[in-house]
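Here are the chains, one letter per residue:
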Amino acid sequence: MLTVLPINAYQDNYIWCIQNPLSQACIVVDPGEAQPVIDHLEKHQLTLVAILVTHHHYDHVDGICDLVSYTQQQTGKSIDVYGPLNPKIKQITHPLKHGDVLTILGTLYEVTEVPGHTLDHLSYFSPEDSLHSAPWLFCGDTLFSAGCGRLFEGTPAQMLNSLKALASYPLETEVYCTHEYTLSNLAFTQAVLPNDTEVKLYIERCQTLRDSNKPTLPSTIKTELAINPFLNCTRPDVQASVSLQSQSPITDELDTFTRLRKWKDTF
Ligand SMILES: [Zn+2]
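Residues numbered from 1 in each chain as written. Predicted model: local features only at pLDDT ≥ 70, side-chain atom pairs only at ≥ 80, totals over all residues. Heavy atoms only, no water.

### Looking at the UniProt feature "binding site: Zn(2+) 2" (unreviewed entry) in the protein
So, point 1. According to UniProt, the positions carrying the feature "binding site: Zn(2+) 2" (unreviewed entry) are D59, H60, D141 and H179. The greatest C-alpha distance among the annotated residues, which extend across 121 residues, is 10.6 Å, indicating that they converge on a single site.
So, point 2. Looking at the element boundaries, D59 is found in helix 2 (residues 58-61).
So, point 3. Take D59: its relative accessible area is 10%, and that puts it in the buried class.
So, point 4. Aside from chain neighbours lying at most four places away, what touches D59 is Y10, N13, D30, G32 and H179.
So, point 5. A distance of 3.1 Å separates the side chain of D59 from the side chain of N13, its partner in a polar contact.
So, point 6. When you line up the elements, D141 lands in the loop between strand 10 (136-140) and strand 11 (143-144).
So, point 7. When near neighbours in sequence (up to four residues on either side) are disregarded, D141 contacts H55, H57, H60, H117, H121, G149, M159, T178 and H179. (UniProt positions renumbered as here; feature names shortened; annotations may be inferred. Helix = DSSP H or I, 4+ residues; strand = E, 2+ residues; numbered from the N terminus. Buried < 20%, exposed > 50% of the residue type's maximum accessible area, 1.4 Å probe, protein only. Contact = heavy atoms within 4.5 Å. Polar contact = N/O pair within 3.5 Å; in protein donor to acceptor, adjacent residues only side chain to side chain.)

Next comes the structure, spelled out in structure tokens:
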């Protein structure tokens, strides 16, 4: 069986490490820093075989060079670096596009373009198989628990479509986001949906985890559909709240999403 473990980086980044305890081989997703990954590899005696990259931001790519040279020195082998075709990420050995399917450590990863946070953003979905019993989604900075990424490069319409694509994965899909933003996102969610019981229960659950220094991630698609306002822009209570806050009637789902994202930007 494969396991997925978080490696802490920067203030609140998680570099997800997918490892096979039998072969001691592993993959990391979005290594924004090399040293925390090297420490993890040495502690668990793992060999890095591949890197998956979701987008070009420094806190997702700045560790790649050092990890490639470290692995070359340790094993004499080069590693595969998968990610978007973007001149800003020079270390990519396998540029990817929408619909590509990879097999790494015996498991499939489906590549989806999810523009919005950046234009080059990719997500990786791995259906359940004999090596892991729940589907996995590595969604970078597109979907967060109770939130979504800021729109640095894309339009609200692009981001809404990207989030809808992610929300259509099976309910039991484990959602591996790149930042521990859950509690601060939930403070905003509570402003949008002050009387929502599911949101209140989820805040208690996440607060308990953070009090013992545990990640609130992975989330699941089921949880996000229940509590994430950005995945619920057709819900009457979300629309009513956004309309009240911006003091004008809502026209449609995209209008709701656009105003919700703007509200969160200044929250
Ligand atoms: Zn980013």
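Anyway, onward from the coordinates.
### A short note on the packing of aromatic side chains
So, point 1. Tallied over the entire structure, the rule returns 11 aromatic pairs.
So, point 2. When the ring of F138 is compared with that of Y176, the centres are 5.0 Å apart and the planes differ by 20 degrees; the resulting orientation is stacked. Taken together, the positions of F138 in strand 10 and Y176 in strand 13 (residues 174-177) put the pair 38 residues apart, joining distant regions of the chain.
So, point 3. In this structure Y176 comes out as buried when scored by relative accessible area, which is 5%.
So, point 4. Ring centres 5.3 Å apart and planes at 80 degrees place the aromatic pair F188 and W263 in the edge-to-face group. On the criterion of sequence distance, the pair formed by F188 in helix 5 (residues 182-192) and W263 in helix 9 (residues 253-265) is long-range, its members being 75 residues apart.
So, point 5. For F188, a relative accessible area of 0% corresponds to the buried category.
So, point 6. You can call W263 buried: its relative accessible area is 12%.
So, point 7. The rings of Y14, W16, W136, F138 and Y176 are connected pair by pair, giving a single aromatic cluster. (Phe/Tyr/Trp six-rings, centres within 6.5 Å; stacked < 30°, edge-to-face > 60°.)

### Focus on the coordination of the zinc ion
When four donors bind a metal tetrahedrally, each ideal donor-metal-donor angle is 109.5 degrees, and when six bind octahedrally, the ideal angles are 90 or 180 degrees.
So, point 1. Looking at the zinc ion, the protein donor atoms are H55 (NE2), H57 (ND1), H117 (NE2) and D141 (OD), and they sit 2.2 to 2.3 Å from it.
So, point 2. With four donor atoms in place around the zinc ion and angles of 92 to 166 degrees between them, the coordination shape is irregular. (Donors = N, O, S within 2.8 Å, 3.2 Å for Na, K, Ca; no water. Tetrahedral: all angles 85-135°; square planar, octahedral: opposite > 155°, others 65-115°.)

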